[in-house]
Every structure is written in C-alpha cells, then in structure tokens.
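Understanding the architecture of this molecule
Spelled out from the first residue to the last, the chains are:
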Amino acid sequence: MNQSLFSSGIDLANLVTSDLLQQSWVKILDLNRDNNRSDPNFHLSVIYRVYTHPVNGTIVAFASSPTCTVQHLEGEARELISSETLRSENFPCFEFLSTKRNQAFSVHKAAIFLFRSCCDVLFDLKKQLLDIATPIIITGHSIGGSIASLFTLFLLESIPPKASRRHPLCITFGSTLIGDYGFQQAILERPTWTSCFLHVASNCDPIPKLFVSTSQNGIYQPFGTYLLCSESGCACFEEPETVLELLVAMRSDSVGNQDPNNYTSILECLQWKAICKGCSGMTCPLSTLQGGIITQLDAIGIKNSQLQHALITKIEERTKNPIFQNRSAFDPNKKLSDRKIDMAYLEWYKKINTGNRGYYDSYKNALAKGTVVMYHRRLTNYWKTMVEEADKLPQKEETFFRTRWLYAGTSYRRMVEPLDIADYYRRGKRDYITQGRSKHYVVLEKWLNDAPRYASKRTAAGSLTDDSCFWAHVEEAILSCKLLQSGEASQADKESSRVKLIEFDCYAMNLINNFGVSTEVFLEQSSFMRWWREYDMIMGTSYNSELVDFIRGGKHQQYA
C-alpha cells in the first residue's frame, strides 16, 4: 500500500493507545449516569461537565437526554437553518463562519436550538477554557456530539491563528452531520481547524447515518476526520464524498437498535488490536492501493464483495485524482522551497548584470536572459495563486497570512515586477501602472502599506528598489522627454510633459534621500541615467533642483 496516497487504521494507533478516546467516552458515560434525569427542563437543554485529567489535560463532555435526542433527530427536526435566518433572529454567535468565498451557510436547526438555549452558560465556559494553558478535549455523544462540535468552533474563533497555545481537539461519538456545504467550506478554509475534529462512528450506530440521505442531495456535508469502526477494527477517512458513501454503506435501518454502550466494547477491542496487531488484524496485501482500501472496508464491517468493488473504484479514483487531493485547505508552504530557489536564481542573474546595464535593462534588452524567463513565470504563477487564495480567507486568517508572508511577498514584488515592466515597455506600450499592472502586485503592495511597523528608515542602499514600479516611472519620464523634443506635439501636451518630468524629479530624489533605490540605477547605461541626460539637456543649465545638484555634483557616484 502506498502510505503517501492512503492511510489505514494503523495511523490512529497512537491516538487509540494514548487513551484519549477511552477517557473521552468514559467521561460521557459518567456525565449521563450522574445527571439528574428527573429535572423537567432537562429535555430542553444540554448539560456539560469539565473534568481535569492528570495526563490528557482538560476534558469537557456534553450530553443530552434520550428524549431530547429523539425529539431533535426525527421529522422536521432534521431541517437546516440558514445563516441569514440566524442573523435576522439576532443570533450572531456563528456569524464568523461567513467568509468571502462562502457568505452563506446552514446548520442543523435542532443543534442550534439547543446551543442557543444555554448560550449564556456556554459563553462563561468559553471564557474559562481560554484561560487554561493545558490541552483541551471537547467531547460528546449523539446530539451532545453536535453541541461539542459547535462549541469547539465557538472556542476556535477566539484563538488567534498565531497563538502558541494548542487548539482544542473535538472528539464526537455517534454524532450526526451538522452543516451544509457552506458550513463545511468555512471550516476547511481555516487551515488549522479541520484537524481539530475527530468523529467516531460505529457501524452499529444509526445516528451518524441519519442525515446521509439528504447529504447526497447536497444538503448536509461532513468535515474533519472520521474514524469509522466496528468490533473488527477501524479506518480513518477525511475526503468528504468518501465519508458520505461509507456512511451509506454502513447505514442501519432502525434508530431504536442503538446500544449506547457499543462504543465501550469497540474502544476496548481497538486498543487491544492497535497494540497487538496494528492494522486491524487483516491480512490483505498492503503493497497496493486497492489492498489498503480493502483492508479499511473490512475493518469497518463492509464485506459485501459487490459493494466493496463499487467503493474501491470510487475511492481509488479520488485518491489518485489531483482535483480531489487539492480540495484541502490552502497551504502556501508546499511549494515555497522551490520558489526560494527561483528567487535565488534571479538574485544571481541580478548580480552578474550589475556591471553592464543593470538588472532591469539587461532583461529589457534580452541580454543573457536564458532560463530567467522560466523562473520569472513560475514565481508569478505562484504568487498570483497565493494572493488569490489569501483574499478568500476569513479576516483573521488573512491578517495572519499577510503578516507571515509580508517579507517574502515584498521581496518577490521588488525583484520580479521590474521584469514585467521591462517586457511591457519593450513591446511599445505605455501607462503600465494604470493599464498593465497585475492585481496581485497591487495587493502585495497594499499588504506592506497596511503594516507600517515593517517600514524602517534605511541608512544605506538596498539591493532592490523600494518602489517596484520605479522603472515604470522612468519609462514614462523617457516618453515625456521624447514628447518635449518632438516637433509634432501640441503646446498643451508639452507643458503637461514638463510638469510630469518635474514631478518625477521630486519622486526620484525622495527615494534617493531614503536610500530607496538600488545602486544599479546609477550605472551609466541604465534607463535612468539615459533619462537623466535627456532631461538635463531639455531643462538647461539654468534649471536647478535637488536631483540636478545631486547628479551634476557627482554625489550619485558615492550613493552606495
């Protein structure tokens, strides 16, 4: 079996043997046993208890009465309630799930009703848990598992992406699906959230499969990791469509057949098998992907050969298909190392051209370009995707992303945008900033402008010019000089060009005063110095400015 493509129950051996599953289930049983079932209001709300475990940290268990479970899992109780309706009812607790990409979502109406019925108490619990430094496990069974999932999201929303503390782990047993596609995607868009949910579902438990029929019509959708298990073993799945198909295959016809103690025997059996046999005790050939899938299906009690064949074909196709592999949360780290190599090559190209026309003009004049075009293209494709995906992230994650990638994005923009400018003006075009500039450069520049703490006064020239559009300003200044020297231009156009040249004069000197241009700007064959010679001739010896004094006096030669 190719472990990089597919995983089996052995991947959960560490979790099973760590006692987290057993301890979580024990706390749920303890909470159910000790609860005062004579309370007439019990069926209207959820109960919880906080346990302190010497090894596993803090465990918060949620539960509900059997009456509550039946009332909220049958008939109209299966309905979804939309985020628009929640907003109109002044219940904003989950408004943070609305994102740029998925502005609307729907969630299980009964679960939201129960959460809302004890919202004040859960707010207090949230404050209490945010002050706890030890690991937090949030767990629940059936409807209690649905509340545990909602409360985990409620807690995650208040933990900054950059926080050093661990995220809570939510472990549900026999919980239903609780949200639609928009709800699922809102969780997947937070790179660190999906791994916070582990849903344990027994093949004998009908509750996890109750809403699967509506799920196949695009209503309810799973999220997180599913540990599907039986007394034969367990298997771990994350791909949503695969989870839905397996829940259908495991479906039971009767809610009344549920045994609440079923998970006790299953967890005891899994712990023994994980220690003694590792891979659920199966003897299928693990050298092939199909063998691994068969092992998993056998472990969760799906042994019908015809059904197995259909599932194997679908799961194998999704496992190998990059479309399904790429549906996971956006991870910019995956190709960053390769892009660092591309940047290093451009740094080398820049260095070897410092003695000629400079980095910009060497590229513009196609001098020794070689494979630099390929590195240029790969970097641009990478950062375009980065900016596009970051723009879709929820606000907190986007802010964290900007901060984390600000330096790399700024270096890329200052290194690569001059090459785009060179290509643009080599083709005889003009007005790059308004007509030719890519949106992703605008966004990257805005990130820097929105983070003033990263701006610091320089004491020497850097290797890259601060303003990545500097060479576009140079090219426009050259065009203005040509227009002034043209006999066909109108007086109004000439006057406008003269004003633009003086503005560029001030702009360039401001960068120079702040050491904001690289030393290559002053190479004798650079476009800037070519502009300067034309500009100096046009303005005449009687004209003076700070830039004129700087260059005429030879100070630019000592700039570095």
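Please read all numbers here as calculations on a predicted model, not as lab measurements.

Topic: the overall build of the protein
From N to C terminus, the protein includes 24 helices and nine strands. Contacts in the protein between residues at least 24 apart in sequence constitute 76% of all its contacts with a sequence separation of at least 6. Accessible surface computed for the protein: about 25700 Å², of which carbon and sulfur atoms make up 51%.

Here we look at the packing of aromatic side chains
This model, assessed by the stated rule, comprises 41 aromatic pairs. Centroid distance Phe-96 to Trp-193: 6.1 Å. Interplanar angle 80°. Geometry classified as edge-to-face. One end of the pair, Phe-96, is in the loop between helix H4 (83–88) and strand S4 (106–108); the other, Trp-193, is in the loop between helix H8 (181–188) and strand S7 (197–202), with 97 residues separating them in the sequence. As far as burial versus exposure is concerned, Phe-96 and Trp-193 are alike and both buried. Ring geometry for Phe-470 versus Phe-528: centroids 5.9 Å apart, planes at 35°, classification tilted. Highlighted residues: Phe-470 in helix H21 (residues 470–485) and Phe-528 in helix H23 (residues 527–539), separated in sequence by 58 residues.

Let's talk about unusual backbone geometry
Working note: non-glycine residues mostly have negative phi, and peptide bonds are mostly trans. Its identity is not glycine, yet Ser-142 carries a phi of approximately 60°, on the positive side. Turning to its location among the elements, Ser-142 is positioned in the loop between strand S5 (136–141) and helix H7 (143–156). Using a relative accessible area of 4% as the deciding quantity, one classes Ser-142 as buried. The backbone of Phe-515 shows a phi angle near 50°, a positive value even though the residue is not glycine. Position of Phe-515 among the secondary structure elements: in the loop between helix H22 (491–513) and H23. Under the relative-accessibility criterion, Phe-515 is labelled partly exposed at 22%.

Quick word on the nonpolar core
Phe-62, Phe-94, Phe-115 and Phe-183 are the most contacted members of the largest nonpolar core, which has 66 residues in total. With nine residues, H7 is the single largest residue contributor to this core. Filtering out sequence-adjacent residues up to four positions away, Phe-115 remains in contact with Phe-91, Phe-94, Leu-122, Ile-147, Leu-150, Phe-151 and Phe-154. In this structure, Met-343, Trp-383, Ala-472 and Ile-551 belong to the second largest nonpolar core, which totals 65 residues.

Concerning the pairing of strand S1 (residues 47–53)
Two elements, S1 and strand S2 (residues 57–63), share seven bridges in a ladder whose sense is antiparallel. Opposite Val-50, over in S2, you have Val-60 as the bridge partner. If you look at the hairpin formed by S1 and S2, you'll find three residues sitting between the two strands.

Notes on the pattern of salt bridges
For the structure shown, the criterion picks out 17 salt bridges. With its nearest N and O atoms 3.1 Å apart, the salt bridge here joins Glu-95 to Arg-87. The exposure class assigned to Glu-95 is partly exposed, which follows from its relative accessible area of 31%. Between Arg-437 and Glu-417 there is a salt bridge, with its nearest N and O atoms 2.7 Å apart. Residue Arg-437 is located in the loop between helix H19 (432–436) and helix H20 (439–449), and its partner Glu-417 is located in helix H18 (residues 395–426); the two are separated by 20 residues in the primary sequence. Taken together, the shared-partner salt bridges connect Asp-30, Arg-33 and Arg-49 into one network.

Some thoughts on the confidence of the model for the protein
A residue-level look at the protein finds 79% of positions with pLDDT of 70 or above and a mean pLDDT of 81. Confidence, expressed as mean pLDDT per element, reaches its minimum in the protein at helix H14 (residues 322–325) with 50 and its maximum at H19 with 96. Counting interchain partners and residues more than four positions distant, the pLDDT-below-50 stretch residues 252–257 has six contacts.

Brief notes about H21
Under the 1.5 Å per step criterion, the end-to-end length of H21 is 23 Å for 16 residues, consistent within 8% with the ideal 22 Å. Residues of H21 that are buried: Phe-470, Trp-471, Ala-472, Val-474, Glu-475, Glu-476, Ala-477, Ile-478, Ser-480, Cys-481 and Leu-484. Buried positions along H21 lie against helix H16 (359–364), H18, H19, H22 and H23.

Focus on the pairing of S7
When you tally the buried positions in S7, you get six out of six residues, the bulk of the element. Burial along S7 is two-sided: Phe-197, His-199 and Ala-201 facing one way and Leu-198, Val-200 and Ser-202 facing the other are all buried. Of the strand pairs in this sheet, strand S6 (residues 169–173) and S7 are connected by four bridges, and their pairing is parallel. Residue pairing across strands places Phe-173 opposite Val-200, the latter belonging to S7. Handedness of the crossover is the feature at issue here: the chain leaves S6, passes through H8, returns alongside S7, and the resulting connection is right-handed. With five bridges joining them, S7 and strand S8 (residues 225–230) adopt parallel strand pairing. Along S8, the bridge assignment pairs Leu-198 with Thr-225.

Things to note about the sheet that holds S5
One open sheet accounts for seven strands, arranged S1-S2-S5-S6-S7-S8-S9; its pairing is mixed. Each edge of the sheet is formed by a strand with only one pairing partner; in this case those strands are S1 and strand S9 (233–237). Averaged over all neighbouring strand pairs, the angle between strand axes comes to 20°, with direction disregarded. Inspection of the sheet shows S5 paired to S6 by five bridges, in the parallel sense. Across the sheet, the residue bridging to Gly-140 is Thr-172, located in S6.

Some thoughts on H20
Within H20, the full set of buried residues consists of His-440, Tyr-441, Val-443, Leu-444, Trp-447 and Leu-448. Burial along H20 is one-sided: seen end-on, the buried residues are contained in an arc of 165°. Every exposed residue of H20 that faces more than 90 degrees away from the buried side is listed here: Lys-439 and Asn-449. Buried positions along H20 lie against helix H17 (372–392), H18 and H19.

Definitions and limits used
- Residues numbered from 1 in each chain as written.
- Predicted model: local features only at pLDDT ≥ 70, side-chain atom pairs only at ≥ 80, totals over all residues.
- Heavy atoms only, no water.
- Helix = DSSP H or I, 4+ residues; strand = E, 2+ residues; numbered from the N terminus.
- Contact = heavy atoms within 4.5 Å.
- Areas by Shrake-Rupley, 256 points an atom, 1.4 Å probe, with all protein chains shown as cover.
- Phe/Tyr/Trp six-rings, centres within 6.5 Å; stacked < 30°, edge-to-face > 60°.
- Buried < 20%, exposed > 50% of the residue type's maximum accessible area, 1.4 Å probe, protein only.
- Core = buried A, V, L, I, M, F, W, Y, C linked by side-chain atoms within 4.5 Å.
- Pairing = 2+ DSSP bridges.
- Salt bridge = Lys/Arg side-chain N within 4 Å of Asp/Glu carboxyl O.
- pLDDT = per-residue confidence, 0-100.
- Expected span 1.5 Å × (residues − 1).
- Right-handed = clockwise from strand over helix to strand, strands pointing away.
- Axes fitted to C-alpha atoms, helices over the stretch in contact; angles between N-to-C directions.
- Arc of directions from axis to C-beta.

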